[in-house]
Amino acid sequence: MQVTEFRDGILTWALKNNIALVSNEYEAGRPDVMFVLQRVLEVSGRLTLLAQNKVITPHHGVRLHSRRNTVGLGDTSGSITHQQSTGQMDSWSIVTTLNYLAP
C-alpha cells in the first residue's frame, strides 16, 4: 500500500524555524517558484499550502537573503536567468549594490 504525505521543503521548513535562508543566483529560479516566494516576501509573509489546507505564518526570526547578478533584468536569451517583475524586486526590504572591486 502506497501512501503519499506532505513533507516540508526547504522554504516551509525555514519559515517555521529561526533560519536565515540564502538563495544564490535568485533570478535563475523558475517563474512558478518565484511566484510562491513573492507571497512570502509580502508584508504578512504568510504561505498558504492549499493541498494541506494550512497557512504558515513565518517564525519571527526567519530571514530571507538573495544574491542576484543581473539586477533583475535577466539575460538576453532568457535561458539562464529570468527577468524579474517590478513587484518582485520591490518586495525586498533592503537592497544593496556591490560593484566590481578595483584591480
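Computed from a prediction, not measured in an experiment: that's the story for all the values here.

Attention shifts here to the side chain of T12. Relative to the elements of secondary structure, T12 occurs in helix α1 (residues 10–16). In terms of polar contacts, T12 uses its side chain to reach the side chain of D8, at 3.3 Å. Beyond its immediate chain neighbours, meaning those up to four positions away, T12 contacts F6, L47, L49 and I56.

Attention now moves to the pattern of salt bridges. If you walk through the whole model with that rule in mind, you get 2 salt bridges. The shortest N-O distance in the salt bridge between E5 and R7 comes to 3.1 Å. Residue E5 shares its accessibility class with R7, and that shared class is exposed. When the shortest N-O distance is used, the salt bridge between D8 and K16 registers 3.0 Å.

A word on the nonpolar core. Soluble globular proteins: nonpolar side chains tend toward being buried together. Residues L11, L15, Y26, L37, V40, L47 and I56 are the most contacted members of the largest nonpolar core, which totals 14 residues. For this core, the elements supplying multiple residues, two or more each, are α1, α2 (31–41) and β2 (47–49). By residue number, the principal contributor to this core is α2, which donates 4 residues. Leave out the neighbours within four places in its chain, and L11 touches L21, V36, L37, V40 and L47.

Time to look at the confidence of the model for the chain. With 84% of its residues at a pLDDT of 70 or more, the chain has an overall mean of 79. Confidence, expressed as mean pLDDT per element, reaches its minimum in the chain at helix α3 (residues 86–90) with 70 and its maximum at α1 with 88.

What follows is about the environment of S93. In this fold, S93 is placed in the segment after α3. In this structure S93 comes out as exposed when scored by relative accessible area, which is 75%. Separated by 50 residues in the primary sequence, S93 and V43 have C-alpha atoms spaced 9.7 Å apart.

The rules behind these values
Residues numbered from 1 in each chain as written. Predicted model: local features only at pLDDT ≥ 70, side-chain atom pairs only at ≥ 80, totals over all residues. Heavy atoms only, no water. Helix = DSSP H or I, 4+ residues; strand = E, 2+ residues; numbered from the N terminus. Polar contact = N/O pair within 3.5 Å; in protein donor to acceptor, adjacent residues only side chain to side chain. Contact = heavy atoms within 4.5 Å. Salt bridge = Lys/Arg side-chain N within 4 Å of Asp/Glu carboxyl O. Buried < 20%, exposed > 50% of the residue type's maximum accessible area, 1.4 Å probe, protein only. Core = buried A, V, L, I, M, F, W, Y, C linked by side-chain atoms within 4.5 Å. pLDDT = per-residue confidence, 0-100.

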